[in-house]
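What follows is each chain in one-letter form.
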Amino acid sequence: MSNVSVISGKSSEELARKLSKKIKANLVKSSVRVFPDGESKITLSGKISKKKSIVVQSIYPPVDTNLLQALSLISKARETSSQVIAVIPYLGYARQDREFLSGEIVTMKVLAKLFKGAGASKIIAVDIHSTIGFKYFTIKSQNVTAIPNLVKYFKKLSLKNPLIVSPDQGGKERAKEFAKEFGLEYIALHKKRDKKNGKVQIKTKNADEVIGRDLILVDDMISTGGSIINATQFLKKQKCRRVYVACTHALLMNDAEKKIRKSGVTKIVSANTIPGKTSVVDVSDTIAKAIV
Ligand code: R5P
């Protein structure tokens, strides 16, 4: 794509570089200096296209810092480009998409105003937690999925009679899509939380189905690892073989990765929407398709 700039935010350098190569756009790098009080000073190096800029910046922790950097990059790009697309591979705050309890602020509504105000004409996210969050945006919004990329990776592994498993009913559709892409079957576990003691209980109608099989637990994101650990402990008790985890966004807060491995998970595989040890699946081709 001639006359297009990809502006690389600090949180998504690798993905921005890969995307710029895929769409043959000019890469504009940014450098960030964070002052002792937490303020970021961003400097861009490179020429911004007058026609179109694509800002790539994930909003993972430190969430508010990365969000403000994304908005600043968009605002700067809009000073030169007539069109600015915000590619936010991991869209933090997407879980705050409705008022669960009275008085709660729906932060996705705030984000919708901020992205528009900064000058974005379109926002693209990868596996947004729920597309409900996009209904507050008055600019164009698009969700793309990393599922085909993740499936491609897993197809190369030699798995024994694999089965796709969702750790809860909320992720059932995701597991179904993953299984369909793979040409496999899926099940979704029932997660029940005791309202008094907060303990989580896992159940499934078809526990026998997992015996002796390799399982792929599919989720959109891993934060503390709690959901994956509970599911793995349950599945191991049902005498499954190995447990693999496929997720788009591996936040892996604190020692989540260690705890997940300790629970019996053989391998965690995630997309490069968040850089890290487990982020071995590149989604730049999926994002490129949404742009051209
Ligand atoms: C839940 O609705 C999400 O899909 C994830 O399962 C959840 O956010 C993961 O969080 P954690 O790793 O803290 O259990």
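Residues numbered from 1 in each chain as written. Predicted model: local features only at pLDDT ≥ 70, side-chain atom pairs only at ≥ 80, totals over all residues. Heavy atoms only, no water.

Turning next to the packing of aromatic side chains. For the structure on display, the rule yields 6 aromatic pairs. Aromatic side chains Phe154 and Phe178 sit 6.3 Å apart centroid to centroid with 70° between the ring planes, which places their arrangement in the edge-to-face category. One end of the pair, Phe154, is in helix H4 (residues 147–155); the other, Phe178, is in helix H5 (residues 172–182), with 24 residues separating them in the sequence. On the basis of relative accessible area, Phe154 is assigned to the buried category, the value being 0%. With a relative accessible area of 0%, Phe178 lands in the buried category. Ring plane angle 45° and centroid distance 6.3 Å describe the contact between Phe178 and Phe182, whose orientation is recorded as tilted. (Phe/Tyr/Trp six-rings, centres within 6.5 Å; stacked < 30°, edge-to-face > 60°. Helix = DSSP H or I, 4+ residues; strand = E, 2+ residues; numbered from the N terminus. Buried < 20%, exposed > 50% of the residue type's maximum accessible area, 1.4 Å probe, protein only.)

Let us now look at the domain arrangement of the chain. Here the domain parsing of the chain yields domain 1 (4–144 + 282–291) and domain 2 (147–272). Here the C-alpha centroids of domain 1 and domain 2 sit 29 Å apart. Across the contact, 15 residues belong to domain 1 and 12 residues belong to domain 2. If you look at where domain 1 meets domain 2, you find 9 residue pairs in polar contact (both at pLDDT 80 or more). With 3 residues, helix H1 (residues 13–22) is the single largest residue contributor to the side of domain 1 that touches domain 2. Looking at side-chain class alone, the side of domain 1 that touches domain 2 contains 7 nonpolar, 2 polar and 6 charged residues. (Domains from an automatic or database assignment. Contact = heavy atoms within 4.5 Å. Polar contact = N/O pair within 3.5 Å; in protein donor to acceptor, adjacent residues only side chain to side chain. Nonpolar A, V, L, I, M, F, W, Y, C, P; charged D, E, K, R; others polar.)

Here we take up helix H3 (residues 107–118). It helps to recall that an α-helix has 3.6 residues per turn; residues three or four apart then point in one direction. With 12 residues, H3 ought to run about 16 Å at 1.5 Å a step, and its terminal C-alpha atoms sit 16 Å apart, in line with that. Inspection of H3 places Thr107, Met108, Leu111, Ala112, Phe115 and Ala118 among the buried residues, and these make up the whole buried set. When H3 is viewed along its axis, its buried side chains cluster within an angular range of 150° and face the same direction. Relative to its buried face, H3 has exposed residues pointing more than 90 degrees away, namely Lys113 and Gly117. (Expected span 1.5 Å × (residues − 1). Arc of directions from axis to C-beta.)

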